[in-house]
Amino acid sequence: MSEDNPHSTNGSTSKGWFDKLRLTFSGEPKSKEDLVEVITEAEQRELIDPQTREMIEGVIGVNEMRVRDIMIPRTQMTTIDIEQNVEEFLPKILDTAHSRFPVISEDKDHIEGILLAKDLLGYAFSAEKTFQLKDVIRPAVIVPESKRVDVLLKEFRQQRYHMAIVVDEYGGVSGLVTIEDILELIVGEIEDEYDIDDDGTEDIKPLNKSTFTVKALTAVDDFNDFFKTSFSEEEADTIGGIVLKAFGHMPETNDEIVINDIHFKITNSDKRRLVQLKVTIPAME
């Protein structure tokens, strides 16, 4: 009788894609590697499209990463001094087209708060309001370099903030991270009308004087130009290809190798490709 299982039809139609995957394949994944294989096979069977697979693998990869692996380093932070007036810092806001700016006093280790560009609008059309930067900045959220990226993303969503200042173990500011930086790990690079193409050096970002985060797809010639190295372009088109050949197999996240005195650490990868590398140079003159 229909009353014996009145919700069977509704239950089957409401199953999500993961339920369908679980029913399609025998057994259940026992590890992250097994799960990636299931997702890859799902794409091959055309149960999901390549973009969906990449996003799922991005989510899986995020939980292994720390904030230090994705942060915008201190040297690339665009900041505003709390003593500056509007005429002094407004050109910087217009030039960068960012929506949020750390406000500092003395130097970048002294963060006073965060300025949201939209908070300036209330003063733009009112001659009666006296503007002081300290009156409009919002409290800065501080996170350690070692914080897990997936945990930070959850906090971004729950507490509804979009930027955090990153500090090292001594309390010094080492960079900043935004919710966009995390989302790009999952959905790929998010470009807007203000993004411009460059010569490829944006694929290489300094973490400190001798350590850099490098996209695995960085062209070998761009890598050589930046680091004054001489890796062969005949061996591979990208630095990720050079590293992969040196390993002789597909390395996993956190695997490390030294090539020509340069230390490479895999900070993001999956079963099929390298995504991000941490590169440490012995000395850069």
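The present account deals with the structure reproduced in this document. (Residues numbered from 1 in each chain as written. Predicted model: local features only at pLDDT ≥ 70, side-chain atom pairs only at ≥ 80, totals over all residues. Heavy atoms only, no water.)

**Here we look at the packing of helix 4 (residues 50–62) against helix 10 (residues 179–187)**
Now for step 1: Running from N to C, helix 4 and helix 10 point in directions that differ by 130°, and their axes come no closer than 6 Å. The angle between helix 4 and helix 10 places the two elements in the oblique class. Only Leu185, Ile186 and Val187 of helix 10 make contact with helix 4, whose side of the interface consists of Glu54, Met55, Gly58, Val59 and Val62. (Axes fitted to C-alpha atoms, helices over the stretch in contact; angles between N-to-C directions. Helix = DSSP H or I, 4+ residues; strand = E, 2+ residues; numbered from the N terminus. Parallel < 35°, antiparallel > 145°, perpendicular 65-115°, else oblique. Contact = heavy atoms within 4.5 Å.)

**A look at helix 9 (residues 149–159)**
What sets the pattern is the α-helix's 3.6 residues per turn: residues three or four places apart point alike.
Now for step 1: Where helix 9 is concerned, the buried positions are Val149, Leu152, Leu153, Glu155 and Phe156. Angular distribution of buried residues about the axis of helix 9 spans 160°; they occupy a single face of the element. Opposite the buried face of helix 9, at more than 90 degrees from it, the exposed residues are Lys154, Arg157 and Gln158.
Now for step 2: Buried residues in helix 9 make contact with helix 4, helix 5 (67–70), strand 5 (142–144), strand 6 (163–167), strand 7 (173–178) and helix 10.
Now for step 3: Positive backbone phi, at 60°, marks arginine 160, one or two positions downstream of helix 9. (Buried < 20%, exposed > 50% of the residue type's maximum accessible area, 1.4 Å probe, protein only. Arc of directions from axis to C-beta.)

**Regarding the sheet that holds strand 9 (residues 211–215)**
Now for step 1: One open sheet holds the five strands; their spatial order is 8-9-12-11-10, and the pairing between them is antiparallel. The outermost strands of the open sheet, each flanked by one partner alone, are strand 8 (204–206) and strand 10 (256–259). Each strand axis lies, on average, 25° off the axis of its neighbour in the sheet, ignoring direction.
Now for step 2: Sheet analysis places strand 8 next to strand 9, joined by three bridges and oriented antiparallel. From the neighbouring strand, lysine 205 faces strand 9, where its bridge partner is threonine 213. (Pairing = 2+ DSSP bridges.)

**Topic: the nonpolar core**
Now for step 1: Of all hydrophobic cores here, the largest spans 22 residues; its most connected members are Phe231, Val243, Phe264, Leu277 and Val279.
Now for step 2: Those elements that provide at least two residues to this core are strand 9, helix 11 (220–227), helix 12 (239–247), strand 10, strand 11 (262–269) and strand 12 (274–280).
Now for step 3: Per element, the largest residue contribution to this core is four residues, and it comes from helix 12.
Now for step 4: Beyond its immediate stretch of four places on either side in the chain, leucine 277 contacts Phe212, Thr213, Val214, Ala216, Ile239, Val243, Phe264, Lys265, Ile266 and Thr267.
Now for step 5: Counting residues in hydrophobic clusters, the runner-up holds 18 residues, among them Met65, Met71, Val166 and Ile182. (Core = buried A, V, L, I, M, F, W, Y, C linked by side-chain atoms within 4.5 Å.)

**Brief notes about the sheet that holds strand 6**
Neighbouring strands of a sheet are bound in pairs by backbone hydrogen bonds; such pairs are parallel or else antiparallel.
Now for step 1: Strand order in the open sheet formed by four strands is 1-7-6-5, and the pairing between neighbours is mixed. Two strands close off the open sheet at either side, each with one partner strand: strand 1 (72–73) and strand 5.
Now for step 2: Pairing between strand 6 and strand 7: five bridges, direction antiparallel. Each bridged residue has a counterpart across the sheet, and for alanine 164 the counterpart in strand 7 is valine 177.
Now for step 3: Across the sheet, helix 9 touches strand 5, strand 6 and strand 7, and the angle it forms with strand 7 is around 60°.
Now for step 4: Its contacts with the sheet put helix 10 on strand 1 and strand 7, and the angle it makes with strand 7 is roughly 65°.

**Brief notes about unusual backbone geometry**
Now for step 1: The phi torsion at glutamate 106 lies on the positive side, around 70°, for a residue other than glycine.
Now for step 2: Tracing the backbone shows glutamate 106 in the loop between strand 3 (100–105) and strand 4 (107–116).
Now for step 3: Residues other than glycine seldom take positive phi values, yet lysine 228 does so here, at roughly 60°.
Now for step 4: Here lysine 228 shows up in the loop between helix 11 and helix 12.
Now for step 5: Residue class for lysine 228 comes out exposed when judged on its relative accessible area of 71%.

**Some thoughts on the environment of lysine 215**
Now for step 1: Inspection of the secondary structure puts lysine 215 in strand 9.
Now for step 2: Judged by relative accessible area, lysine 215 falls into the partly exposed class, the value being 31%.
Now for step 3: Between the C-alpha atom of lysine 215 and that of threonine 267, which follows or precedes it by 52 residues, the distance is 9.9 Å.

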